[in-house]
Amino acid sequence: MLTQMVIRPTSRWVSSIALLGMITLSGSGTAYAQAMRHPGAFDSASQFAEIAQAVRQNRQPWAASFARMRTNAHDNPGYQPRPVEVLVRGTAPGHPAENYATLFNDAAAAYALALDWRLTGDTQRAARATAILNAWAGTLKTITGTSDKYLASGLYGYQLAVAAETLRDFPGWQPRDRQEFARLLLTVFASMNVDFLAHHNGAAIDHYWANWDLANVASLVAIGVFADRRDLYERGRDYYLHGSGNGAILHAAWKTYPGGLAQWQESGRDQGHALLGIGLAGTICQIAWQQRDDLFGAYDNRLLAAVRYVARYNLGGDVPYTPYTNSDVTQPVISDKGRGEARPIWSLLVAHYVQLKHLAAPELVQAAAQAGPDGGGGDYGPNSGGFDELGYGTLTFTMP
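Analysis parameters
Sequence order as written defines residue numbering, which begins from 1 separately in each chain. Since the coordinates come from a predicted model, pLDDT governs what is reported: local features require at least 70, and pairs of side-chain atoms require 80 or more to be given and counted, while whole-chain, interface and lining totals use all residues. Side-chain numbers come from the whole structure's heavy atoms, not from hydrogens or water. Helix numbering and strand numbering both begin at the N terminus, where a helix is a DSSP run of H or I of at least 4 residues and a strand a DSSP run of E of at least 2. Here, two residues are considered to be in contact whenever any of their heavy atoms come within 4.5 Å of each other. Areas reported here follow the Shrake-Rupley algorithm with a probe of radius 1.4 Å; residue values treat only the protein chains shown as occluding. His is not counted, nor are the chain ends; Lys and Arg add positive charge and Asp and Glu add negative charge. Where a charge lies is defined by one atom per residue type: Lys uses NZ, Arg uses CZ, Asp uses CG and Glu uses CD. Relative accessibility decides the category of a residue: with a 1.4 Å probe and only protein chains considered, values under 20% of the type maximum give buried, values over 50% give exposed, and everything between is partly exposed. In protein, a polar contact requires one atom able to donate a hydrogen and another able to accept it; more generally it is a pair of N or O atoms within 3.5 Å, and residues adjacent in sequence count only if both atoms are side-chain atoms. Should a side-chain nitrogen of Lys or Arg be within 4 Å of a carboxyl oxygen of Asp or Glu, the pair is scored as a salt bridge. Classification of ring pairs rests on two measures: the distance between centres of Phe, Tyr or Trp rings, Trp counted by its six-membered ring, which must be within 6.5 Å, and the angle between planes, read as stacked under 30 degrees, edge-to-face over 60 and tilted in between. A ring has a charge above it when a Lys NZ or an Arg CZ is no more than 6 Å from the ring centre and no more than 35 degrees off the ring normal. Fitting a line to C-alpha atoms yields each axis, with helices limited to the stretch in contact; the angle taken between N-to-C directions then spans 0 to 180 degrees. Here the word oblique covers every angle except those under 35 degrees (roughly parallel), over 145 (roughly antiparallel) and from 65 to 115 (roughly perpendicular). Each helix crossing is assigned a hand: it is left-handed if the near helix lies turned anticlockwise from the far helix by less than a right angle, otherwise right-handed if that turn is clockwise. When residues are grouped by polarity, Ala, Val, Leu, Ile, Met, Phe, Trp, Tyr, Cys and Pro land in nonpolar, Asp, Glu, Lys and Arg in charged, and all others, Gly among them, in polar. Two strands form a pair only when DSSP identifies at least two bridges running between them. Per-residue confidence from the predictor is given as pLDDT, running between 0 and 100. Side-chain atoms within 4.5 Å are what join buried Ala, Val, Leu, Ile, Met, Phe, Trp, Tyr and Cys residues into a set we call a nonpolar core. Every helix has an expected span of 1.5 Å times one less than the residues it contains.

Chemist: Can you help me understand the overall build of the protein chain in this one?
Modeler: Scanning the protein chain from terminus to terminus reveals 15 helices and 6 strands. If one aligns the C-alpha atoms of the protein chain with their principal axes, the spans along those axes are about 55 × 50 × 45 Å. Within the protein chain, counting contacts between residues at least 6 apart in sequence, those at least 24 apart form 78% of the total. When the accessible surface of the protein chain is summed, it comes to about 14400 Å², and 51% of that surface belongs to carbon and sulfur atoms. Computed over 32 positive and 34 negative side-chain charges, the inter-centroid distance for the protein chain is 4 Å.

Following this line, the structure appears as structure tokens:
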């Protein structure tokens, strides 16, 4: 496992206009910076090998988690993608009908199939993952809708990029097709990620909830890795550390308390979005960890303090709460809406903070144990919330 990490010097967040001009058809990224580490999203090559061995030896919890993935309809070598030219998320008069479910299902399938290939060598599944990614690269032109289009650019941008990074060494994925997929990620997704983080759709800087920022940061860092665009990766990383919106870690985990707790920005809204937010933050930190940057430990493990806070409350425990106010709302009490909702977010955080770093986080350990082996897309509901995370974290993050 990776043990030596350093946060590199912060680069200045450039204007979105300047950066958008840099996001071109150059998928290799060689003109911009040094190459990234590959595979370098959720797991390294050696980690994949260790997990594969654990599955072959029927060791737990890896075998049970792999078996759960195999029961998911998305890990199917006969899966058929449904790409569209114009992806729509958000409904309003005069807007076309929403169709974004096609992409969150296809992204879930591409990831499950690619991960299965990594662990078993099943080339039939790898070929199907390749066909899914190629189909979207050859079809999708734009993302539109209401402001929710920026949720689509973030969530599905990071999911597609992680699926592609998992698949990147498959010999059957031709270099020209990989480059074409990088072009899709750069021109359709990363351009929107940059625009949102710079301008927040023309709204006040504190208008959008933490998860909106975090989804687009996750997309930027994941695309930066796959496309060998260290400039994009570093801008996403630096926004997480120093950004001005609610997704920057000091704004997301904004209020600290004695005992190692930190209040999450969306705790007064509902628990589903609080869980989504810490899950996205964990995703960002894991990708950065694979690139030798320690965001998990930033600001004295600030994310861990927020994770413990959210876990404790969602397990039924009491937590302190300070009324939250921004330019739109005042939330005087913590919300119990969605309390205890199941999401596949805990395994990643347990693996890093408890297994690797040996830090005390009893609420986190209990939450992971209660959740059991993580499922994937569709195992937590058929709508968008059931696909916000790629899942299978018990399989991919638990340390053998």
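Next comes the rest of the account.
Chemist: Hey, could you run me through the side chain of glutamine 291 in this one?
Modeler: Here glutamine 291 is to be found in the loop between α11 (271–290) and α12 (298–314). The class for glutamine 291 is buried, based on a relative accessible area of 0%. Within the structure, glutamine 291 has its side chain in polar contact with the backbone nitrogen of arginine 37 (distance 2.9 Å).

Chemist: Honestly, the pattern of salt bridges in this entry has me stumped. Any pointers?
Modeler: Close approach of charged atoms lets side chains of opposite charge pair. Following the criterion strictly, the structure yields 19 salt bridges and no others. Between aspartate 231 and arginine 229 there is a salt bridge whose closest N-O contact spans 2.8 Å. Between glutamate 363 and arginine 312 there is a salt bridge, with the nearest N and O atoms lying 2.4 Å from each other. Of this pair, glutamate 363 sits in helix α14 (residues 362–371) while arginine 312 sits in helix α12, and the two are 51 residues apart along the sequence. Given the relative accessible area of 7%, glutamate 363 is considered buried. Relative accessible area serves as the criterion here: at 26%, arginine 312 is assigned to the partly exposed category.

Chemist: Help me understand the side chain of histidine 200 in this model?
Modeler: Position of histidine 200 among the secondary structure elements: in the loop between α7 (175–199) and α8 (210–226). With residues up to four places along the chain from it excluded, the contact list for histidine 200 reads Asp195, Ile205, Tyr208, Asp213, Tyr239 and Gly245.

Chemist: Help me out: how do you make sense of the packing of aromatic side chains in this one?
Modeler: For any pair of aromatic rings, the description rests on two quantities: the centre-to-centre distance and the angle between the ring planes. Here the structure, examined in full by the defined rule, presents 19 aromatic pairs. Relative to tyrosine 309, the ring of tyrosine 257 has its centre 6.4 Å away and its plane inclined at 10°; by these criteria the two rings are stacked. Taken together, the residues tyrosine 257 in strand β3 (residues 253–257) and tyrosine 309 in helix α12 connect sequence positions 52 residues apart. Residue tyrosine 257 shares its accessibility class with tyrosine 309, and that shared class is buried. Here the aromatic cluster, defined as three or more aromatic residues joined through ring pairs, consists of Phe42, Tyr111, Tyr392 and Phe397. Geometry around tyrosine 313 places arginine 339 over its ring, the cationic atom sitting 3.6 Å from the centre.

Chemist: So what exactly am I meant to see when it comes to the packing of α8 against α11 here?
Modeler: Helices that pack against each other are described as a pair by the angle of their axes relative to one another and the distance between those axes. Running from N to C, α8 and α11 point in directions that differ by 25°, and their axes come no closer than 9 Å. Judged on the interaxial angle alone, α11 and α8 are roughly parallel. The crossing of α8 and α11 is left-handed. Along its contact with α8, which presents Asn211, Leu214, Ala215, Val217, Ala218, Val221, Ala222 and Val225, the element α11 presents His273, Leu276, Gly277, Leu280, Ala281, Thr283, Ile284 and Ile287. Across the contact of α8 with α11, the residue classes tally to 12 nonpolar, 4 polar and no charged.

Chemist: So what exactly am I meant to see when it comes to the pairing of strand β4 (residues 261–264) here?
Modeler: Two faces belong to every sheet, and in a regular strand the side chains alternate between them. As paired strands, β3 and β4 are joined by 4 bridges and run antiparallel to one another. When the sheet's bridge partners are listed, alanine 253 is paired in β4 with tryptophan 264. Hairpin connection of β3 to β4: 3 residues between the antiparallel strands, including glycine 259 at a positive phi of 90°.

Chemist: Looking at this structure, I do not really get the environment of tyrosine 156. What am I missing?
Modeler: Within the secondary structure, tyrosine 156 is located in helix α6 (residues 149–167). Along the chain, tyrosine 156 and alanine 108 lie 48 residues apart, while their C-alpha atoms are 9.5 Å from each other. For tyrosine 156, the residues in contact, after removing those within four places along its chain, are Leu87, Arg89, Tyr100, Leu103, Phe104, Leu151, Phe189 and Ser384.

Chemist: Looking at this structure, how should I read the confidence of the model for the protein chain?
Modeler: Should the pLDDT be low somewhere, the predicted coordinates at that spot are not to be read in detail. For the protein chain, the mean per-residue pLDDT works out to 93, and 92% of the residues sit at or above 70. This stretch, residues 24–31, has a pLDDT under 50; its non-local contacts, to residues over four places away or in other chains, come to 19 contacts.

Chemist: Got a minute to help me understand the nonpolar core in this structure?
Modeler: Leu87, Phe181, Phe189, Tyr240, Trp264, Leu303 and Trp346 are the most contacted members of the largest nonpolar core, which has 132 residues in total. At 13 residues, the largest contribution of residues to this core is made by helix α4 (residues 101–120). For leucine 87, the contacting residues outside a window of four places in its chain are Asn99, Tyr100, Thr102, Leu103, Trp136, Leu140, Thr142, Ile143, Thr144, Ala152 and Tyr156.

Chemist: How should I be thinking about α11 in this particular structure?
Modeler: An α-helix turns once per 3.6 residues; consequently, residues spaced three or four apart project the same way. Spanning 20 residues, α11 covers 29 Å between terminal C-alpha atoms, matching the ideal 28 Å at 1.5 Å per step. Counting buried positions along α11 yields 19 of 20 residues, so the element is predominantly enclosed. N-capping of α11 is provided by aspartate 270, with a side-chain oxygen placed 3.1 Å from the backbone N of glycine 272. Arginine 292, located one to two residues past α11, shows a positive phi value of around 75°.

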